[in-house]
Amino acid sequence: MPSIDIQVLEGVFSAEEKAEIIRKVTDAFGEVAGQTVRAGTSVRVHEVNSGSWGYAENILTTEDALEMRARD
């Protein structure tokens, strides 16, 4: 069945927030794919070490991600 992987920087989301992400992503997928497929959907949240993620030569850290979250 479907497998959904989500990568986030370590230390940015609490265990409760990661559980909520898993539930909501599963629900959203099920709304499109149907409840039978939803029941077999696997969602994993992978934490990437701070400083091990980058884009356009910019290195992201946990502190950067926490600052981004604080803007909302």
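Remember, it's a predicted structure, so these values are computed and weren't measured experimentally. Per chain, the residues get numbers from 1 upward, laid out in the order the sequence is written. Confidence filtering applies because this is a predicted model: local features only for residues at pLDDT of at least 70, side-chain atom pairs given and counted only at 80 or more, and all residues used for totals across whole chains, interfaces and linings. Each side-chain value is worked out from all heavy atoms of the structure, with water and hydrogens disregarded.

1. Some words on the overall build of the protein
The test is simple: Secondary structure elements are taken from DSSP: a helix is a run of H or I of four residues or more, a strand is a run of E of two residues or more, and numbering for both begins at the N terminus. The classification of residues rests on relative accessible area computed with a 1.4 Å probe and restricted to protein chains. Under 20% of the type maximum is buried, over 50% is exposed, and intermediate values are partly exposed. Two residues qualify as a contact provided that any one of their heavy atoms is within 4.5 Å of a heavy atom in the partner residue.
The helix and strand inventory of the protein stands at three helices and four strands. When the elements of the protein are put in sequence order from the N terminus, they spell out β-α-α-β-β-β-α. If one aligns the C-alpha atoms of the protein with their principal axes, the spans along those axes are about 40 × 25 × 20 Å. Here the protein, with 72 residues, has 19% of them falling under the buried criterion. When contacts within the protein are restricted to residue pairs at least 6 apart in sequence, those whose partners lie at least 24 apart make up 69%.

2. What to know about the nonpolar core
As a rule of thumb, nonpolar side chains are buried together in soluble globular proteins. In plain terms, the rule: The definition of a nonpolar core used throughout is a set of buried Ala, Val, Leu, Ile, Met, Phe, Trp, Tyr and Cys residues joined through side-chain atoms within 4.5 Å.
Ranked by size, the top nonpolar core spans five residues in total: Leu9, Val12, Val48, Leu60 and Ala65. Excluding residues that lie within four positions of it along the chain, Ala65 makes contacts with Leu9 and Val12.

3. Describing the confidence of the model for the protein
We count it as follows: pLDDT is a per-residue confidence score from the predictor, ranging from 0 to 100.
Across the protein, pLDDT averages 96, with 100% of residues at or above 70. Of all secondary-structure elements in the protein, the lowest mean pLDDT belongs to helix α2 (residues 35–39), at 93, while strand β2 (residues 42–48) reaches the highest, 98.

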